[in-house]
Amino acid sequence: MERLQKVIAASGVTSRRKAEELIISGKVRVNGNVVKELGTKVAGDDIVEVDGATISRDNAKVYFLLNKPRGVITSVSDDKDRPVVIDYINTDKRIYPVGRLDYDTTGLVILTNDGELANILMHPSNNIEKTYIAKIEGILNKDDVDRLKSGILIDDRKVNVVRFKIKEKNYEKSTSLIEITIVEGRNHIVKRLFEELRKPVIRLTRVGIAFLTTEGLKSGEYRELSIKEVKKLYSLK
Ligand code: URA
C-alpha cells in the first residue's frame, strides 16, 4: 500500500505537492470514489483517476536524451499545436522534459518519468553544469570578459559563469562563437547574459548537461541513457 499523493506523483502526471492540492480539491478518485484525505493508502490494483483520467501505475523508469531541433517547444503539449519535444520520442510512458530550452534554441534535453532524478537535475543546490555554444553579435572586449569572469547580475542575482571560451571571432561579420558553462536554469538566462553585454545571441545550442554531450546525436535524434549514466546523474546530488 502506498500513499495516494506518492502514487500520483510517481505516475509522472504532476508533482507530489500538486497531487496533494488535487486530492484536497476533490479531483482524485480511487475506484470511482472521490478521495479528499491526504493520508489515504492505495493498493497496486486500485484504479486512481486524476481529473477524470486514469493514471498509469506502471512506474518503470525511462530516460532519454534528445537533441532538440529549432522550432520545437520543450513541453508535453502545446495549445497552438506546434511540435513539442515529446513528439520525437517513441515511448508509451508519460515522460516530460527536465528543464527548458527556448523554441529557437537547439540541443540537449533530458526526458524522463523519474521525478526524483528530474528534481536532482533541476535543484540549484546541485550545481548541474549546462554548456552552451552561443553565436553572438560583436566581439567580446576586455570589459565583457572581466564581467563574465566576475559574474553578471540579472534581476539582482549573480549568474555564475563556471567557464567560458571564445571559440571564434569573425571581425568581418562582427560575430563570435562563445562556449559557456553555467549552473543555473533561469529562463532565457544565456540570452539575458549576453543582452547585458549588449552582444545579443543570434543562435544558441546546449551541447552539454553535466557529463552528457550531443556526441552521436543529430538534430531531432535521441537515445536512451544507460544505467551507468543514470547512476552517475543521481550521484551529482
Ligand atoms: N538560456 C537561454 O537563453 N535559452 C535557452 O534555451 C537556454 C538557456
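To start, this report covers the structure provided alongside it.

What about the overall build of the chain?
Within the chain one finds six helices and 17 strands. Dimensions along the principal axes, computed over C-alpha positions, put the chain at roughly 70 × 40 × 35 Å. Counting over 237 residues, the chain shows a buried share of 43%. Counting contacts in the chain only where the partners sit at least 6 residues apart, residues at least 24 apart contribute 62% of the total. Only carbon and sulfur atoms are counted for the fraction: they give 46% of the accessible area of the chain, which is about 13300 Å². Of the charged side chains in the chain, 43 are positive and 35 negative, and the gap between their average positions amounts to 3 Å.

Quick notes on the site of the ligand
In the neighbourhood of the ligand, the contacting residues comprise L101, D102, T105, Y132, H188, I189, V190, K191 and L204. Contacts to the ligand include I189, whose backbone N or O atom sits 3.4 Å from a nitrogen atom. One of the backbone N or O atoms of K191 is found 3.0 Å from an oxygen atom in the ligand. Burial of the ligand by the surrounding chains reaches 98%, relative to a free accessible area of 240 Å². Counting residues per element, the shell around the ligand draws most heavily on helix α5 (residues 189–196), which supplies three residues. Its residues placed into classes, the shell around the ligand shows five nonpolar, two polar and two charged.

As for the pattern of salt bridges
Evaluated as defined, the whole model comprises 14 salt bridges. With a shortest N-O distance of 2.7 Å, K191 and D104 are connected by a salt bridge. Taken together, the residues span a long stretch of sequence, with K191 in helix α5 and D104 in the loop between β8 (96–98) and β9 (106–112) at a distance of 87 residues. Among the residues examined, K191 registers a relative accessible area of 21% and is labelled partly exposed. Through salt bridges with shared partners, one network takes in D102, D104 and K191.

Quick look at unusual backbone geometry
If a residue is not glycine, its phi is most likely negative; likewise, a peptide bond is most likely trans. A positive phi angle is found at N31, which is not glycine, with a value near 50°. By secondary structure assignment, the location of N31 is in the loop between β2 (28–30) and β3 (33–34). Look at N31 and you get partly exposed, because its relative accessible area is 43%. Notably, D81 is not glycine yet its phi reads approximately 65°, a positive angle.

Remarks on the packing of aromatic side chains
Tallying each qualifying case throughout the model produces one aromatic pair. Relative to Y222, the ring of F64 has its centre 5.6 Å away and its plane inclined at 80°; by these criteria the two rings are edge-to-face. One end of the pair, F64, is in strand β7 (residues 63–68); the other, Y222, is in strand β17 (residues 222–224), with 158 residues separating them in the sequence. In this structure F64 comes out as buried when scored by relative accessible area, which is 4%.

Some words on the side chain of T175
Mapped onto the fold, T175 is located in strand β14 (residues 175–182). Beyond its immediate chain neighbours, meaning those up to four positions away, T175 contacts K135, I136, G138, I139, E168, K169, N170 and I202.

A look at the environment of G44
The residue G44 is located in the loop between β4 (41–42) and β5 (48–50) in this model. With 14 residues separating them in the primary sequence, G44 and D58 have C-alpha atoms 9.5 Å apart.

Some thoughts on the sheet that holds strand β6 (residues 53–54)
The four strands lie next to each other as β3-β2-β5-β6, forming an open sheet whose pairing is antiparallel. The sheet terminates laterally at β3 and β6, the two strands that pair on one side only. As defined by bridge partners, β2 adjoins β3 across two bridges and the pair is classed as antiparallel. Paired with R29 across the strands is V34, a residue of β3.

The rules behind each value
Residue numbers here run from 1 along each chain, matching the order of that chain's written sequence. With pLDDT at 70 or above as the cut-off, local features in this predicted model cover only qualifying residues; side-chain atom pairs require 80 or more to be listed or tallied, and sums for whole chains, interfaces and linings still use all residues. Hydrogens and water molecules were not included; the side-chain quantities draw on all heavy atoms of the structure. Strands here mean DSSP runs of E at least two residues long; helices mean DSSP runs of H or I at least four residues long; both are numbered from the N terminus. Only protein chains enter the accessibility calculation, which uses a 1.4 Å probe; a residue whose area is less than 20% of its type maximum is buried, one above 50% is exposed, and one in between is partly exposed. Contacts are residue-level and defined by heavy atoms, with any inter-residue pair within 4.5 Å sufficient. A 1.4 Å probe and the Shrake-Rupley method give the accessible areas. Residues count as covered only by the protein chains that appear here. Residues scored as charged are limited to Lys and Arg (positive) and Asp and Glu (negative), so that His and the chain ends carry no count. Taken as the charge centre is NZ of Lys, CZ of Arg, CG of Asp or CD of Glu, depending on the residue. Nearness here has a simple test: a residue counts as near a molecule or strand if at least one of its heavy atoms is within 4 Å of that partner. In protein, a polar contact requires one atom able to donate a hydrogen and another able to accept it; more generally it is a pair of N or O atoms within 3.5 Å, and residues adjacent in sequence count only if both atoms are side-chain atoms. We call Asp, Glu, Lys and Arg charged. Ala, Val, Leu, Ile, Met, Phe, Trp, Tyr, Cys and Pro are nonpolar, and the rest, Gly among them, are polar. We count a salt bridge whenever a side-chain nitrogen from Lys or Arg sits within 4 Å of a carboxyl oxygen from Asp or Glu. Only centres within 6.5 Å qualify two rings of Phe, Tyr or Trp (six-membered ring in Trp) as a pair; their planes then separate them into stacked at under 30 degrees, edge-to-face at over 60, and tilted for everything else. Strands are treated as partners if at least two bridges between them are detected by DSSP.

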